Amino acid sequence: MIDNKKVLFSGMQATGCLTLGNYLGALQNWVKLSDEYECFYSVVDLHSITVRQDPAEFRQKAKNLLALYIAAGLDPEKNCIYYQSHVSGHAELAWILNCFTYMGELNRMTQFKDKSAKHADNINAGLFTYPVLMAADILLYQTDVVPVGIDQLQHLELTRDIAQRFNSIYGDVFTIPEPFIGKTGAKIMSLQDPLKKMSKSDENPNASIFLTDDRDTIIRKFKRAVTDSEAMIKHREEQPGVSNLIEIYSACTGKSFEEVEKEFDGKGYGDFKLAVGETVADMLTPLQTRHAEILKDKAYLDGIVKKNAEKAQYFSNKTLRKVQKKVGFNEKVR
Ligand code: TYM
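Residues numbered from 1 in each chain as written. Predicted model: local features only at pLDDT ≥ 70, side-chain atom pairs only at ≥ 80, totals over all residues. Heavy atoms only, no water.

A. Main features of the nonpolar core. Counting 59 residues, the largest nonpolar core has Y69, F222, I248 and V280 as its most contacted members. Examining the composition of this core, we find that 10 residues originate from one element, helix α12 (residues 269-296), more than from any other. Residue assignment places this core across two domains, with domain 1 (7-181 + 298-327) and domain 2 (215-292) each supplying three or more. Ranked by size, the runner-up nonpolar core spans 40 residues in total, among them C80, I96, L97 and A135. (Core = buried A, V, L, I, M, F, W, Y, C linked by side-chain atoms within 4.5 Å. Buried < 20%, exposed > 50% of the residue type's maximum accessible area, 1.4 Å probe, protein only. Helix = DSSP H or I, 4+ residues; strand = E, 2+ residues; numbered from the N terminus. Domains from an automatic or database assignment.)

Listed below in structure tokens is the structure:
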């Protein structure tokens, strides 16, 4: 609790171009929850170097992401928006938690298996211990709730296991966090293969809507989205492509699946795809305009980065000190 409010933590990687999946699965919910909780939203740059990055490009991408948080509607005066690498406690707590995590647990992580298959020439130790750093991010702020897409649930479960293990040895040190998964949009699928998650790193550019795509590109990509020959707009397992489009439309408009099915009853796939494309474009265009404006204001961004890193450092230090004491480190002489 901070000022009688429960704590929320979440983060995103600044690698690749963000997709509609990132927006609907995470960012949109962050904004919805931001009044209710004391929120920490991090640009998790420490996580990103598990994969090789071009330094100049990476620096710009991280800045773009930080500005995107604000453009999406997160007020940086109320929400702590910061770069993970500016707060030393993340790496420090991760080290300690590494010593409370088993190799077997990390070996089971599906994201590790996927990423090591994708980056077979660089299966580094960071990629393996990545979920421990994620646990540190969350536990450092005594987080109650973590809004994420479904793909992060396994990491959340591990975070809870590590926290419970630590607490069972040392007493109530960590709050046990709960995941928050949105009712819609928690797993947006590829537009070209609706059995696969929409991903930043898909080789087929038509598979993903990027948050930077212009209106025409968005509409074109939806027009090309893979559907089926059933000729009906229903949310059901047998129609994964159409269901994904319904899911997207529902997450953008707040309408239920039934309402969407009714709205397009008797209409063809062409009309439906165009409506989804236009709705997504209408949602993203103002976001892109705000984003460009925020990025231009260097002094404003610098001020936010500095102030919020100090705030995050302050709260994370409280937990870190407690943990260091519990494991038996000698206190610093001040
Ligand atoms: P990342 O950067 O891959 O994704 C950021 C957020 O977007 C969600 N997401 C999706 N949701 C719905 N459909 C999709 N197709 C889709 N693709 C991505 C993800 O679930 C995530 O919520 N390890 C994390 C970053 C992280 C983190 C944390 C998150 C580091 N520390 C602590 C929460 C708490 C990651 O790589 O997310």
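B. Region of interest: the packing of helix α1 (residues 20-33) against helix α10 (residues 240-253). Contact geometry for α1 and α10: axes closest at 11 Å, N-to-C directions at 45 degrees. On the basis of the axis angle, α1 is oblique to α10. Here α1 and α10 pass one another in a crossing that is left-handed. Contact residues: L20, L24 and Q28 in α1; I248, A251 and C252 in α10. (Axes fitted to C-alpha atoms, helices over the stretch in contact; angles between N-to-C directions. Parallel < 35°, antiparallel > 145°, perpendicular 65-115°, else oblique. Left-handed = near helix turned anticlockwise from the far one by under 90°. Contact = heavy atoms within 4.5 Å.)

C. View of the pattern of salt bridges. The final tally for this structure, using the stated rule, is 15 salt bridges. For K307, the salt bridge is made with E77, and the minimal N-O distance between the two is 2.7 Å. In this pair, K307 sits in helix α13 (residues 298-327) while E77 sits in the loop between α3 (55-71) and β3 (80-83), placing the two residues 230 residues apart along the sequence. A relative accessible area of 52% means that E77 is categorised as exposed. Ionic pairing is found between E230 and R236, a salt bridge with its closest N-O pair at 2.9 Å. According to the relative accessible area criterion, E230 is partly exposed, its value standing at 40%. Given a relative accessible area of 27%, R236 falls into the partly exposed group. Each of E157, R160 and E178 takes part in a single network of salt bridges with overlapping partners. (Salt bridge = Lys/Arg side-chain N within 4 Å of Asp/Glu carboxyl O.)

D. Highlighting the site of the ligand. In the vicinity of the ligand there are 27 residues, among which Y130, D137, G149, D151 and I188 approach most closely. One nitrogen or oxygen atom from the main chain of Q13 is found 2.9 Å from an oxygen atom belonging to the ligand. At a separation of 3.1 Å, an oxygen atom of the ligand approaches a polar side-chain atom of N22. Contact with the protein chains hides 96% of the accessible area of the ligand, taken as 710 Å² for the molecule alone. If you map the ligand onto the pockets, it falls in the largest pocket. Class assignment for the residues of the shell around the ligand results in 12 nonpolar, 10 polar and 5 charged. (Near = heavy atom within 4 Å. Polar contact = N/O pair within 3.5 Å; in protein donor to acceptor, adjacent residues only side chain to side chain. Areas by Shrake-Rupley, 256 points an atom, 1.4 Å probe, with all protein chains shown as cover. 1 Å grid on protein atoms, 1.4 Å probe; cavity = no way out; pocket = protein on both sides within 12 Å on 5 of 7 lines; lining within 4 Å. Sits in = over half its atoms within 2 Å of the grid points. Nonpolar A, V, L, I, M, F, W, Y, C, P; charged D, E, K, R; others polar.)

E. Structural detail: helix α4 (residues 89-98). Within the span of α4, buried status applies to G89, H90, L93, A94, I96 and L97. Taken down its axis, α4 places every buried residue within 165 degrees of arc, on the same side. On its buried face, α4 sits against β1 (7-12), α2 (45-48), β3, α7 (125-139), α8 (153-170) and α13. (Arc of directions from axis to C-beta.)

F. Layout of the layout of surface pockets. Of the volumes computed, that of the largest pocket is approximately 1,400 Å³. If you trace the largest pocket, you find 48 residues lining it, with Q111, K115, D151, Q152 and K197 closest to the centre. At the level of elements, β1, α1, α6 (110-118), α7 and β4 (145-147) are the ones that each hand at least two residues to the lining of the largest pocket. (Points joined across faces, edges and corners; volume = space filled by probe spheres on them.)

G. Seen up close, the state of the cysteines. Enumeration according to the criterion identifies 0 disulfides in this entry. Here C17 stays unpaired: no disulfide links it, and the sulfur of C252, its closest cysteine neighbor, is 18 Å away. Its sulfur unpaired, C39 is 9.9 Å from the next cysteine sulfur, which belongs to C80. (Disulfide = S-S within 2.5 Å.)

H. α1, seen in detail. In this model, α1 (14 residues) spans 19 Å end to end at C-alpha, consistent with the 20 Å of a helix rising 1.5 Å per residue. Along its length, α1 shows its largest kink, about 30 degrees, at A26. In terms of burial, α1 is largely enclosed, as 12 of its 14 residues are buried. Residues L20, G21, N22, Y23, L24, G25, A26, L27, Q28, N29, W30 and L33 constitute the buried set of α1. Measuring from the backbone nitrogen of G21 back to the side-chain oxygen at the start of α1 gives 3.0 Å, which picks out T19 as the cap. (Expected span 1.5 Å × (residues − 1). Bend = angle between axes of the 7 residues up to and from the residue.)

I. Representation of the side chain of Q28 within the structure. Considering the arrangement of structural elements, one finds Q28 in helix α1. Judged by its relative accessible area of 13%, Q28 is buried.

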